[in-house]
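Coordinate analysis (summary)
So you can see what is in the structure, the chains are spelled out below.
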Amino acid sequence: MTHYLDHNATTRLLPEALEAMTRAAEKAWANPSSLHAPGRAARAVVETAREQVAELTGAAPHEIVFTGGGTEACAFGVLGAARSLTASRGRPGHIVATAFEHSAVKSAVASLEGEGWEITWVKPDADGVVHPNAVEAALRADTSLCVVMAAQNEVGTLQPIAEIGALLKQGGRDIVLFSDMIQSLGKSLVNLAALPVDLAPIVAHKIGGPKGTGALYVRKGARVEPLLRGGGQERALRGGTENVPGIAGFGAAAAWWRRHGDAERGRVAALRDALQGALSERIPDMRVTAEKTPRLGNTLHATFPGARGDVMVMALDLRGIAVSAGSACASGSVKPSEALLAMGRSPEDAVSSLRFSLGFGNMAEEIAPVADAVASAYAAARA
């Protein structure tokens, strides 16, 4: 039996999502752009799912643009906004972005340098929070796009999006705010109607839906250039025939979270706290990241001094436990976690961390055996 504690990477498919996907594949197989009855049936499935996703996010249905996954949604939002701004203003401008964005966002932002944009990377503090005053200090007269994720995917810290968004509109400013909501969706309450966010990517597979299906929230009035041109699908913002079964699964997963989200968030947060306590008892050297900082209720990130995270991940895998390390291994060398380096951690700390992220299927009876196994793996890794 595998104890799966890597829900920030992906989640298992909810039965409701699988059922919706199977039903769509069997009964809504036609092209949803076709005008005949089978096409209209497929279109109805897509639009029902759009409403379900909109209800979970607090958006209006017409503000949800379906994509082929989270990476596409991130690139669509960042590049689409920047290119629209360049077209409307006649020249590239300046972007402020946080230094510990997900790689899908960070690489999209960095690529804009080749199009003439200037970028200022704002670092978080030692607790993994990007403060509004740090963002404000980075603004320039030509700043037109700001990129701040809502919840940091590795350490789980929640960013002050409302405050940052408000300052971007102060004093005559009209700076577009792109906020990656992929890790937030489901794990925390998201109400885009109440946030000063213009663009926000979300994805199905983080909430029990299928991989390869995502969406970009495009606030009414926000302008983005399409990345994929073709037909007039998705209000002419994303060309290509819609993935009807995938979108149906996304909608069903969103509907599940609308019904059960409050209870599930409370249940999982209690498990996370129990795991943190059990690990702290067994491993006094363990240092919890951002322990006093608002963070996702399912996420526990910790540093294990003197032990490499990748070694512990492999040792735990042999014990039937799935977790992740912030560091990345390539060609026999270990690359420190960029998020921890941005927070000012040492390279030693940045290769000695683990992320435990809980979710569907995790139960209270798992906590003690998982904590025992982590303590054993830590002792072995240090030795």
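Preceding this section is the structure that the text describes.
What comes next concerns the included structure. From a predicted model like this one, the values you see are computed outputs, not experimental measurements.

Conventions and cut-offs
Per-chain numbering applies: the sequence of each chain, read as written, is numbered from 1 onward. Only residues with pLDDT of 70 or above have their local features reported here, since the model is predicted, and side-chain atom pairs are shown and tallied only from 80 upward, although totals for entire chains, interfaces and linings are computed over all residues. In computing side-chain properties, one takes all heavy atoms of the structure into account and sets aside hydrogens as well as water. Here a helix means four or more residues in a row that DSSP labels H or I, a strand means two or more in a row labelled E, and each is numbered from the N terminus. Atoms counted for the radius of gyration: C-alpha only. Globule rule: 2.2 Å times residue count to the power 0.38. Only protein chains enter the accessibility calculation, which uses a 1.4 Å probe. A residue is then buried if its area is under 20% of the maximum for its type, exposed if over 50%, and partly exposed in between. Think of it this way: Lys and Arg go in the positive column, Asp and Glu in the negative one, and His and the chain ends go nowhere. Positions of charges follow a simple convention, taking NZ of Lys, CZ of Arg, CG of Asp or CD of Glu. Side-chain rings of Phe, Tyr and Trp, where Trp is taken by its six-membered ring, are said to pair if the distance between their centres is within 6.5 Å; with planes under 30 degrees apart they count as stacked, over 60 as edge-to-face, and otherwise as tilted. Each ring is checked for a lysine NZ or an arginine CZ that lies within 6 Å of its centre and within 35 degrees of its normal; such an atom marks a charge sitting over the ring. Note on pairing: DSSP must find at least two bridges between two strands before they are called paired. We define a polar contact as two N or O atoms separated by no more than 3.5 Å, with the added condition that, inside protein, one atom must be a possible hydrogen donor and the other a possible acceptor, whereas residues neighbouring each other in sequence contribute only through side-chain atom pairs. Contacts were defined at the residue level, with two residues in contact if any of their heavy atoms lie within 4.5 Å. For our purposes a nonpolar core is just a set of buried Ala, Val, Leu, Ile, Met, Phe, Trp, Tyr and Cys residues, chained together by side-chain atoms within 4.5 Å.

1. Some details on the overall build of the chain
In terms of regular secondary structure, the chain is built from 12 helices and 15 strands. Expected size for 383 residues packed as a compact globule is a radius of gyration near 21 Å; at 21 Å, the chain falls within 12% of this value. Principal-axis analysis of the C-alpha atoms places the extent of the chain at approximately 65 × 55 × 40 Å. Burial statistics for the chain: of 383 residues in total, 56% are counted as buried. Considering the chain, the positive charge centre built from 38 side chains and the negative charge centre built from 39 side chains are found 3 Å apart.

2. Remarks on the packing of aromatic side chains
Using the criterion set out here, one finds 5 aromatic pairs in the structure. Ring geometry for Trp256 against Trp257: centres 5.3 Å apart, planes inclined by 75°, an arrangement best described as edge-to-face. One aromatic cluster is present, formed by Trp256, Trp257 and Phe360 through successive ring pairs. Between Lys106 and the ring centre of Trp121, over which it is positioned, the NZ or CZ distance is 5.8 Å.

3. Description of the pairing of strand 15 (residues 353–357)
Most of strand 15 sits inside the fold, with 5 of its 5 residues counted as buried. Sheet analysis places strand 12 (residues 324–325) next to strand 15, joined by 2 bridges and oriented antiparallel. Bridge pairing in strand 15 places Ala325 opposite Leu354.

4. Focus: the side chain of Thr11
Within the secondary structure layout, Thr11 lies in the loop between strand 1 (3–4) and helix 1 (15–27). At 2.6 Å, the side chain of Thr11 forms a polar contact with the backbone oxygen of His205. Polar side-chain contacts of Thr11 include one of 2.8 Å to the backbone nitrogen of Gly208. The contacts of Thr11, once residues within four sequence positions are left out, are His205, Lys206, Ile207, Gly208, Lys211 and Phe360.

5. Here we look at helix 9 (residues 309–318)
Looking only at helix 9, the buried set comprises Gly309, Asp310, Met312, Ala315 and Leu316. Positioned one or two residues after helix 9, Gly320 has a phi angle of 80°, which is positive.

6. Things to note about the environment of Gly230
If you trace the backbone, Gly230 turns up in the loop between strand 8 (214–218) and helix 7 (233–236). Overall, Gly230 belongs to the exposed group, its relative accessible area being 64%.

7. A closer look at the nonpolar core
Residues Phe66, Val135, Cys146, Leu168, Met181, Val197 and Phe250 are the most contacted members of the largest nonpolar core, which totals 60 residues. Here this core takes 9 residues from helix 8 (residues 244–282), the largest share from any one element. Met181 has contacts with Ala150, Val190, Leu192, Leu195, Val197, Ala200, Pro201 and Ile202, leaving out every residue within four places of it along the chain. Ala73, Ile182, Leu216 and Val218 belong to the second largest nonpolar core, which has 30 residues in total.

8. Observations regarding the pairing of strand 7 (residues 199–203)
The element strand 7 is extensively covered by neighbouring structure, given that 5 of its 5 residues are classed as buried. Residues Leu199, Pro201 and Val203 line one face of strand 7 and the alternating positions Ala200 and Ile202 line the opposite face, and both faces are buried. Of the pairings in the sheet, the one linking strand 7 to strand 8 comprises 5 bridges and is antiparallel in character. In the sheet register, Pro201 faces strand 8, and the bridge partner there is Leu216.

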